[in-house]
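# Tertiary structure, described
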Amino acid sequence: MRLVLVGAGHSHLMVLQYFSQKPIAGLQLTVISHSNYIPYSGMIPGLIAGHYSWQQCHIHLANLCHRAQAKLIIGDIDYIDSAEHSVSGPGIPPIAYDWLSLNTGSKNQLDAIAGASDQGLASKPIEQFLPAWQQKITEIQHCRNSYKIAVVGGGAASVELLLAIQQRLQTLPKQATISLSLVTAAKNPLPQYNPANSQLIKKELQRHTIKLYVNSCASKAHHYGLDLADGSSIAANCVIWATQAGGPLWLKNTTVNCDEQGFVHVNQFLQSSSHPNVFAAGDMIHFSEQALPKSGVYAVRTGQALAKNLHRVIRNKALTPYQPQRYFLNILSLGNKRALAQWGIFSAAGSWVWYWKSWLDRRFVNKLNKKD
């Protein structure tokens, strides 16, 4: 029996943890990841803001694989041969599987904005953003004039990122005058939150003198900033894309059924609608039963359900449907060791929320990083 996990997103981390506790005799478990150190999304805003070290925010994949008795291969997969039941990639010869699971995460969709792929920094995948942002910090510190940063998005990820950047820049020795802005096509930031919290974020941006552009759809990116669909422009030395995400482009060259955004279409068992021996979870899926938020919380929850179903299918047991929770706790970092929590119609904000979130996040990472 051969189970291959492609990617080491949060869902697959849950699978590895589950199989470390409930191993299956005779199973050959293989993990293919482009890195041995996996960033935990919940702590990345804190890392960018300067509250955490790099080590505190990353999971040591090799250690987790060792506990799960899994073979780790560092590299990228870009092809699935469904007929031969194998996967391969640059420098990776075909690896056969009986069961395959996909959890490689998502990336910002930039095709609709002219020049966006060549200008600015994409916030996803985060592994590529972090080193690129460090280079920008060096550039800012050497700048002697004004320096403008525009974050394009409007959802929770863009707000967290922008406020984390604002916090970090306050602590840097610099000579430039820095200005920040948030550019969103929506009427308000955080359109998925309740109106009161959307207004709270507006006030938070104003408090930090961050300019907010609403109803502003970016149409073109260039060396000097952004052009908007209404014909106006926004000057920026650095544009950061925190826009809607899509699935991995290489999946379009496979026979695995995906939606228009490139997300793997899965049924209630997190099983591919086109290939019964292929599963997927996390940010890269289109769940047939209902739309799921692209968040770390749901990636972990779907990962827990995925682990159980992979464990069951290998043992020829009936699969159990994944039932998303009606409400989930959503905690958004506000940069300065304060946070906003929302659960259904209930919400709270303050420093205590941040410390509570920090305790939960550090406990999660430490649990995955524990050694035998």
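Everything here concerns the structure above.
Remember, it's a predicted structure, so these values are computed and weren't measured experimentally.

### What to know about the layout of surface pockets
Its volume calculated, the second largest pocket comes out at about 180 Å³. Contributing to the lining of the second largest pocket are 13 residues, with Gln119, Lys136, His223, Asn237 and Cys238 lying nearest its centre. Elements represented by at least two residues in the lining of the second largest pocket include exactly α4 (126-142), β15 (218-222) and β18 (238-241). Per-element accounting of the lining of the second largest pocket gives the leading share, three residues, to β18.

### A few points about helix α6 (residues 195-207)
Each α-helix winds once per 3.6 residues, and so residues spaced three or four apart point in a common direction. The end-to-end C-alpha distance of α6 is 18 Å, a good match for the 18 Å that 13 residues give at a rise of 1.5 Å each. For α6, the complete set of buried residues consists of Asn197, Ser198, Ile201, Glu204 and Leu205. Projected onto a plane normal to the axis of α6, the buried residues spread over an arc of 115° and lie on a single side. Facing away from the buried side of α6 by more than 90 degrees, the exposed set consists of Pro195, Ala196, Lys203 and Gln206. Just past α6, the residue Thr209 takes up positive phi, approximately 50°.

### Overview of the pattern of salt bridges
Counting across every chain of the model gives six salt bridges. When the shortest N-O distance is used, the salt bridge between Lys136 and Glu139 registers 3.6 Å. In this pair, Lys136 and Glu139 both sit in helix α4, three residues apart, roughly one turn of the helix. On the basis of relative accessibility, which here comes to 18%, the residue Lys136 falls in the buried class. It is possible to trace a salt-bridge network through shared partners that takes in Glu204, Arg207 and Arg338.

### Overview of the packing of aromatic side chains
Counting across every chain of the model gives nine aromatic pairs. Between Trp352 and Trp356, the aromatic rings sit 6.3 Å apart at their centres with planes inclined by 20°, giving stacked as the arrangement. Here Trp352 pairs with Trp356, and both are found in helix α8 (residues 351-369), just four residues apart, close to one helical turn. By relative accessible area, which is 51% here, Trp352 ends up exposed. Judged by relative accessible area, Trp356 falls into the partly exposed class, the value being 33%. Summarising the aromatic geometry, the rings of Trp354 and Tyr355 are spaced 5.1 Å apart at their centres and angled 85° between planes, so their arrangement reads as edge-to-face. Among the residues examined, Trp354 registers a relative accessible area of 5% and is labelled buried.

### Quick notes on the sheet that holds β18
Strand order in this open sheet of five strands is β11-β18-β12-β13-β14, and the pairing throughout is parallel. A single partner strand is all that each edge strand has here, and the edge strands are β11 (121-122) and β14 (211-213). Where strand β12 (residues 146-153) lies against β18, four bridges are found, and the strand directions are parallel. Bridge assignment links Val152 to a residue of β18, and that residue is Trp241.

### Notes on a nonpolar patch on the surface
A cluster of nonpolar residues, Tyr327, Leu329, Trp343, Ile345, Phe346, Trp352, Trp356 and Trp359, forms a patch on the protein surface that exposes about 910 Å² of accessible area. At three residues, the largest contribution of residues to the nonpolar patch is made by α8. Tracing the chain through its elements places Phe346 in strand β25 (residues 346-350). According to the relative accessible area criterion, Phe346 is exposed, its value standing at 55%.

### Here we look at the environment of His286
Within the secondary structure layout, His286 lies in strand β22 (residues 285-287). His286 sits in the partly exposed class, given a relative accessible area of 32%. In this structure the C-alpha to C-alpha distance between His286 and Ser272, which are 14 residues apart in sequence, comes to 9.8 Å. Beyond its immediate chain neighbours, meaning those up to four positions away, His286 contacts Asp259, Phe263, Val264, His265 and Val266. Here Asp259 takes part through its side chain, which lies 3.5 Å from a polar atom of the side chain of His286.

The rules behind these values
- Residues numbered from 1 in each chain as written.
- Predicted model: local features only at pLDDT ≥ 70, side-chain atom pairs only at ≥ 80, totals over all residues.
- Heavy atoms only, no water.
- 1 Å grid on protein atoms, 1.4 Å probe; cavity = no way out; pocket = protein on both sides within 12 Å on 5 of 7 lines; lining within 4 Å.
- Points joined across faces, edges and corners; volume = space filled by probe spheres on them.
- Helix = DSSP H or I, 4+ residues; strand = E, 2+ residues; numbered from the N terminus.
- Expected span 1.5 Å × (residues − 1).
- Buried < 20%, exposed > 50% of the residue type's maximum accessible area, 1.4 Å probe, protein only.
- Arc of directions from axis to C-beta.
- Salt bridge = Lys/Arg side-chain N within 4 Å of Asp/Glu carboxyl O.
- Phe/Tyr/Trp six-rings, centres within 6.5 Å; stacked < 30°, edge-to-face > 60°.
- Pairing = 2+ DSSP bridges.
- Patch = residues over 30% accessible without salt bridge, like charges linked within 9 Å, V, L, I, M, F, W, Y side chains within 5 Å.
- Areas by Shrake-Rupley, 256 points an atom, 1.4 Å probe, with all protein chains shown as cover.
- Contact = heavy atoms within 4.5 Å.
- Polar contact = N/O pair within 3.5 Å; in protein donor to acceptor, adjacent residues only side chain to side chain.

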